[in-house]
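# Residue-level structural notes
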Amino acid sequence: MRRAEAWRRRGWSATEVGAEADRVAAALAARGVGPGDRVALWLADGPLWVAAFFGSLRAGAVAVPLDLSLGADRARKAARELAVAAACVEREVPRLGLDRPCVTLDWSPGAVAAAPPPLPPDDPSRAAEIVLTSGTTGAPRAVTVTHANLRVVLDALDEGIAEYRRWIQLAPRLRIACALPLSHLYGQVLGVFVPPLLGADAVLVPAMPAPDLARTLRHERAWVLATVPRTLSLLARWLEARGAELWGEDGFRERLDRSRGRPWWRRAAIFARLRLELGPRLVAVVSGGAALDRDTEELWRTLGYVVVQGYGLTETAPLVTLNHPFDTEPGSLGKPLPGVEVRIAPDREILVRGANVVGGDAVDAEGWLHTGDLGRQDATGRLWYLGRKGERIVTPAGVNVDPEPVVAALVARPGIADAVVLERPWGEPGVVCAVVLARPGADPAEAVRAANEALPDAARLRAWRAWPEADFPRTSTGKPRRPEIRSWLEGQAPGDEASGGPVARIGTRTGARDVVAGLVAAVGGGERAALEPATRLGDALGSLDRVELATRIEMTYGVPLPPEAVGADRTLDELAGDLAEAGSAGAGEAEDEARDTGPGHPEAAEREVRGGAGTTPGRETGAREAPARERRRVPEARWRGRAPVRAFRFVLGQGVLRPLWRSLFDLDAAGLERLAGLDPPFLIAANHLSELDPGAVLFGLPPRLSARVATTAMWEHFERARAGRLQYALGVAGLDLVPLRQTGDWRPTLRIAGEVADRGGCPLVYPEGERSTDGSLLPFRTGVAILARELHLPIVPCAATGLLAVLPKGAHWARGVWRGRAPVAVRFGDPLPAPRPDDDPDDIVAELRRRIERLLVAAREAAGRY
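Here is a short report on the structure shown in this document. (Residues numbered from 1 in each chain as written. Predicted model: local features only at pLDDT ≥ 70, side-chain atom pairs only at ≥ 80, totals over all residues. Heavy atoms only, no water.)

A few words now on the overall build of the protein chain. Looking only at helices and strands, one finds 28 helices and 31 strands in the protein chain. In the protein chain, 72% of the contacts between residues at least 6 apart in sequence involve partners at least 24 apart. When the accessible surface of the protein chain is split by element, carbon and sulfur atoms take 53% of a total near 34800 Å². (Helix = DSSP H or I, 4+ residues; strand = E, 2+ residues; numbered from the N terminus. Contact = heavy atoms within 4.5 Å. Areas by Shrake-Rupley, 256 points an atom, 1.4 Å probe, with all protein chains shown as cover.)

Written out as structure tokens, the structure is:
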């Protein structure tokens, strides 16, 4: 099992996960946790989470997964309300601050200090976990799920897999990429329970923009992607944009038309070049958690992928129906699992009965769970989703209006990224109203007008408002939180219903500026009121904060931004202009297409009946990029980690450079005992005096560690140098060089440094950013703390002296090494632990500077010179 983060990819084998689960069980037992006690899980999704989950069950406890998106305060309150007896926590997440015994897990599997406790009672009716629902229609509820509930679902899946197990064993090892939170049962089924049934590897993927997700799928060689409709929609829009780049708009549309109705292998061949963007092995996508809109599903199928959908709730542990991968019907949610019954009530509500159903007020005397969802079943037993019963609007004329078709009509317009349709909370009851998330630069009023033209008269919007923030409040699975949106709407004055109220200007250039200001304030932790249109992004945000800003924009609106769009010299107004241009691009043709296939069209009417209208961004998003400017990208040199290159680097460093260095310098290295208990990778932070500084660190370390050091250097030097690319290639080959950018896009640096760390490399950085001319420490930059935080690396402080006299700044030739060996001293200090997400980088840098100052004094005493 691996966790594929934005910059790092770390994993454990099944044996390591099992051993850590035993350690967790023993640690919980030592803290007095026994059968029936509740244990909170406050960890990032990945092997540590799985070890904590199974360790809790091994101890007989009830797992209480807490979603990190709740925030520490809300999670702590929920844990206390649920009376947890202990908690399993991870060092790399914000502190929970719970006054209960805690078991801390990290990425260095510990030995089992004591034998695990006796096996808990073999009673299937025991509670396995308490799951907090996502709370889209109200406050999250705690649902207790038993072992028996889970076994019904897992046995049904195992029975279906058994028929194909012999063929699965003959195929290359499967790998499932799960972009779902493990705090929800849907994520657990796809990311924790199904991989062992298939004998497959699991890759847990956090939320990330479409290009990064595509890169992750490609690098991880995933066979299946399991995620929510919103992610599939954004990724599909990005694939459309890439298809238009490869073959042109007309060429891509021609291929789409040509592939429809063809066998899947023929469709896959037509789009083989585009499919490589997601990796050569990806064959299927699994969607759940909400309805997948039909346009998105059709695009994935047209590209030759298998699309699997299911239906379920937390109260059904969590599956009710599931499509068979080899027998799917577009738009359907599949047939009921063995042992699960589904019935459609006269009012079209979906009723479920079976051993997977947990108890509760929604279960009637006959054992039927009233789901609150609307649907229909066809003659073959397949289920089709039609919407939520509680969200249905009864107009003054007595006509029932379901929100899903209205939402589908809105998000099909180029000006609308998302929408929530509900009953207007003021005036005459039964009026259909919408809160729309407008794309910056688009005209939401025109989008609403066009949507109304395609809707039946009873379903047309009589009132609407534009959401004033950059995005809706959402659950961890990407669904809008309707109660918060409804509460905001209730506070709006009636005003002019046709104009969308006073905040409708969010779709204008001024509105785009407001969106950017809000996002900058949210990312940087400042005040929106302090930001002016002429404010430079570099003055408001650091390098990685600007990366986060671009990420949020892309994940909210599906607008891919080139790196220079969030450059330090760019202003809020200029970025707003880019967003406004991207949001309004292609509006005319998108409107024409929407009118031809909108909800009023016969094909769309059939689509509504067959279900799948989701609240996901429209197809046009991401099909066009903001204008790209001339730039030189940092070459990532992926060959740096290949075995021949690493062998060459080791022979050069240890067989040639180390003896040469020792012949020229009298090196006094101390403090190595402080690194004895620290396993690579880690970050080395040193003072900077000379271009020869890397040698003092490299050859002050023993060969087993120095062979892992990856020296950093400013990329701008290679851009300016006449033979810069050749110098860079030689630096990568000899020193595993990691390029740092002083300005612009930091993402290549983080990716390169992350790949180095993944194979046990230790980046060497200089927090001063430039060489000192007199031996004193220059001001430290926060980049070292941010780099350590993003890569989850401890920091080893280091101080070297003696090299300023040999090769000072501005000199071209070494001095004082030809008559005799020059004295050089290097000192290593106690490591700083890897920064937590909620640690202040300034505090970390200040402590690092204090430690290096002390080491520098000791090094000067040993060398007797600067």
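From this point, things continue past the structure.
Glancing now at the pairing of strand β27 (residues 709-714). When β27 meets strand β29 (residues 762-765), the two strands line up parallel, connected through three bridges. Bridge pairing links Val709 to Cys762 in β29. Across three bridges, β27 lies against strand β28 (residues 738-740) in parallel orientation. Each bridged residue has a counterpart across the sheet, and for Thr712 the counterpart in β28 is Val738. (Pairing = 2+ DSSP bridges.)

Now for the nonpolar core. One finds Leu28, Leu41, Cys88 and Leu105 to be the most contacted residues of the largest nonpolar core, which totals 77 residues. Residue contributions to this core peak at eight residues, all from helix α6 (residues 185-198). Apart from the residues lying within four places of it in its own chain, the contact partners of Leu105 are Glu20, Arg23, Val24, Leu43, Leu48, Ala51, Ala52, Cys88, Val89, Glu90 and Arg91. (Core = buried A, V, L, I, M, F, W, Y, C linked by side-chain atoms within 4.5 Å. Buried < 20%, exposed > 50% of the residue type's maximum accessible area, 1.4 Å probe, protein only.)

The sheet built from seven strands is open, its strands ordered β25-β31-β30-β26-β29-β27-β28 with mixed pairing. Edge positions in the open sheet fall to β25 (665-670) and β28, since each of these has one partner strand only. The mean angle between the axes of side-by-side strands here comes to 25 degrees, regardless of whether they run parallel or antiparallel. Here strand β26 (residues 683-686) pairs with β29 via two bridges, running parallel. Across the sheet, the residue bridging to Ile684 is Leu764, located in β29. Along the sheet, helix α22 (residues 693-700) makes contact with β25, β26, β27, β29, β30 (795-801) and β31 (822-828), crossing β31 at roughly 65 degrees. Helix-sheet contacts for helix α26 (residues 747-758) involve β27, β28 and β29, and the interaxial angle to β28 is about 150 degrees. (Axes fitted to C-alpha atoms, helices over the stretch in contact; angles between N-to-C directions.)

Between the first and last C-alpha of α6 there are 18 Å, a value that for 14 residues agrees with the 20 Å anticipated at 1.5 Å per step. Among the 14 residues in α6, twelve count as buried, and that is most of the element. Here α6 has its buried residues at Leu185, Tyr186, Gly187, Gln188, Val189, Leu190, Gly191, Val192, Phe193, Val194, Pro195 and Leu197. Count one or two residues on from α6 and you reach Gly199, which has phi positive near 65 degrees. (Expected span 1.5 Å × (residues − 1).)

What follows is about the packing of helix α21 (residues 643-664) against helix α25 (residues 724-735). At their nearest, the axes of α21 and α25 sit 7 Å apart, and the two run at 75 degrees to each other. On the basis of their axis angle, the class for α21 and α25 is roughly perpendicular. Contacts between α21 and α25 involve Val645, Phe648, Arg649 and Leu652 from the first element and Val732, Ala733, Gly734 and Leu735 from the second. Its residues assigned to classes, the contact of α21 with α25 comprises six nonpolar, one polar and one charged. (Parallel < 35°, antiparallel > 145°, perpendicular 65-115°, else oblique. Nonpolar A, V, L, I, M, F, W, Y, C, P; charged D, E, K, R; others polar.)

Here α21 spans 30 Å end to end across 22 residues, near enough to the 32 Å set by a 1.5 Å rise per residue. Taken as a whole, α21 carries its principal kink of about 35 degrees at Leu657; the proline Pro659 stands between one and four residues after it. If you check which residues of α21 are buried, you get Val645, Arg649, Gly653, Gln654, Arg658 and Trp661. Looking at the buried side of α21, the elements it contacts are β25, α22, α23 (703-706) and α25. (Bend = angle between axes of the 7 residues up to and from the residue.)

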